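# Structure at a glance
Below, each chain spelled out in residue letters.
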Amino acid sequence: MAQTKINMQHQMLAYYKENLRIDGEGAKRLYNICVNSIQTALTKADIALKQNNYEELYSVIHTLKGVLASTGLDELLQIVNELNIKAKEAANGNKDAIDDDFKEKFLGLKQTLSLLQKE
């Protein structure tokens with residue numbers, strides 16, 4: 001998951017241009033909307049995880065999956081897909097699904113995506 005802010009920005013802007021036919025100011029607006037949505041989702045997921053609120057955790061991770069699906073950040077989307085499966089299991093009663101592997105992947109994802117917020 002060795003990503004840089006510049007690399008992720010390039011991936012996202014290229015995805016917008018190639019797949020959504022959006023570039024220039026429209027792409028910058030979409031980028032900012034996605035970054036804000038990602039940060040909001042990560043904050044909510046972090047709170048839900050700390051409170052062991054697995055239903056909320058699943059809901060937020062699922063939302064994050066949808067946002068990342070429209071960014072072109074495929075490596076990170078794959079990680080969120082894995083987290084989504086485990087969060088769904090936990091929401092359905094299997095609390096053991098939120099194990100050290102889940103927490104480690106979530107922390108790594110959070111650290112990587114937080115790069116998008118840095119100036």
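Figured I'd write up the structure that's included with this text. (Residues numbered from 1 in each chain as written. Predicted model: local features only at pLDDT ≥ 70, side-chain atom pairs only at ≥ 80, totals over all residues. Heavy atoms only, no water.)

### A look at the side chain of asparagine 84
Structurally, asparagine 84 is set in helix 4 (residues 74-91). You can call asparagine 84 buried: its relative accessible area is 7%. Apart from the residues lying within four places of it in its own chain, the contact partners of asparagine 84 are Tyr58, Ile61, His62 and Lys65. (Helix = DSSP H or I, 4+ residues; strand = E, 2+ residues; numbered from the N terminus. Buried < 20%, exposed > 50% of the residue type's maximum accessible area, 1.4 Å probe, protein only. Contact = heavy atoms within 4.5 Å.)

### Focus: the environment of glutamine 78
Assignment of secondary structure puts glutamine 78 in helix 4. Residues glutamine 78 and lysine 65, spaced 13 residues apart in sequence, show a C-alpha to C-alpha distance of 8.9 Å.

### A word on the packing of helix 2 (residues 24-50) against helix 5 (residues 100-114)
Where helix 2 contacts helix 5, the two axes come as close as 11 Å, and the packing angle between them is 150°. Looking at the two axes, helix 2 sits roughly antiparallel to helix 5. Crossing of helix 2 against helix 5: the hand is left-handed. Two secondary-structure elements touch here, helix 2 through Ile38, Gln39, Leu42, Ala45, Asp46 and Leu49 and helix 5 through Phe102, Lys103, Phe106, Lys110, Leu113 and Ser114. Residues that form the contact of helix 2 with helix 5 fall into these classes: seven nonpolar, two polar and three charged. (Axes fitted to C-alpha atoms, helices over the stretch in contact; angles between N-to-C directions. Parallel < 35°, antiparallel > 145°, perpendicular 65-115°, else oblique. Left-handed = near helix turned anticlockwise from the far one by under 90°. Nonpolar A, V, L, I, M, F, W, Y, C, P; charged D, E, K, R; others polar.)

Just distances and angles here, no functional claims.
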